[in-house]
Amino acid sequence: MCTVSILRNNDGFVLTANRDELRLRDECGLKQHTDGMTASVYPVDAQAKGTWVGVNNYGLAEFNCLNDIRLWLTQSFQPALYSAFVLLVMDGHEVYRYRWDGEKLSEELIEFSQYFLESSSSVDLHETLAYRQSLFHDWHRNGGDMESILAFHLRCDEDNTSR
């Protein structure tokens, strides 16, 4: 399970993300990739070899603008090569959610004024998502300061390792 939060503020936004895996699951560290004028950086999971967040010098992984990535995802990308996933794409103003369920790729514009949370889980999906949403809403109701968002993402529930 991975959790991403996007918080709008006066300077733009704050993006935080975590890989809600067992703390013992290894990472390969940060990878850097340069393609022409685009430089990107992203962490890599040692077991699955995938990533859960990435950014480039334009604010998007591997693409120069939101329209380029939307065009690629809807016309050139071959999702059937991958397991089910949720991909958030943002440019600081708009956020799109792409959901591949193993059969169909859907696109949705996410509209929010202050904050947004996306979480995925392969264990007790609905229960886990509801739980993470309630924690996030509690955080926001209690002031939602930027420093405590890190505690939210680093929270480990010893009684339920799937959350």
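Calculation rules
- Note that residues are indexed from 1 along each chain, following the sequence as it is written.
- Whole-chain, interface and lining totals are the exception, using all residues; otherwise, since this is a predicted model, local features are given only for residues with pLDDT of at least 70 and side-chain atom pairs are given and counted only at 80 or more.
- By convention in this description, side-chain values take in all heavy atoms of the structure and omit both hydrogens and water.
- Within this document, salt bridges are pairs made up of a side-chain nitrogen of Lys or Arg and a carboxyl oxygen of Asp or Glu, the two lying within 4 Å of each other.
- The helix count covers DSSP runs of H or I at least four residues long, the strand count covers runs of E at least two residues long, and both are numbered beginning at the N terminus.
- Aromatic rings from Phe, Tyr and Trp, with only the six-membered ring used for Trp, were paired whenever their centres fell within 6.5 Å, and each pair was classed as stacked if the ring planes differed by under 30 degrees, edge-to-face if by over 60, and tilted otherwise.
- Think of it in three bands: residues with accessible area under 20% of the maximum for their type are buried, residues over 50% are exposed, and the middle band is partly exposed, with areas taken using a 1.4 Å probe on protein chains only.
- A positively charged side chain is recorded as over a ring if its NZ (Lys) or CZ (Arg) lies within 6 Å of the ring centre. The angle to the ring normal must also be within 35 degrees.

Some points on the pattern of salt bridges
A complete count under the given rule lists three salt bridges for this structure. Between E108 and R97 there is a salt bridge, and its shortest N-O distance comes to 3.0 Å. Here R97 lies in strand β7 (residues 95-100) and E108 lies in strand β8 (residues 105-110), a separation of 11 residues in the sequence. Among the salt bridges present, the one from E118 reaches R97, with a minimum N-O distance of 2.3 Å.

Here we look at the packing of aromatic side chains
Considering all chains together, one arrives at six aromatic pairs under this definition. Aromatic side chains F77 and Y82 sit 5.5 Å apart centroid to centroid with 20° between the ring planes, which places their arrangement in the stacked category. Ring centres of Y82 and F85 lie 6.5 Å apart, and the angle between their planes is 90°; on these two criteria the pair is classed as edge-to-face. A relative accessible area of 47% places Y82 in the partly exposed class. Here the aromatic cluster, defined as three or more aromatic residues joined through ring pairs, consists of W72, F77, Y82 and F85. The aromatic ring of F112 is capped on one face by R8, whose charged end is 4.3 Å from the ring centroid.

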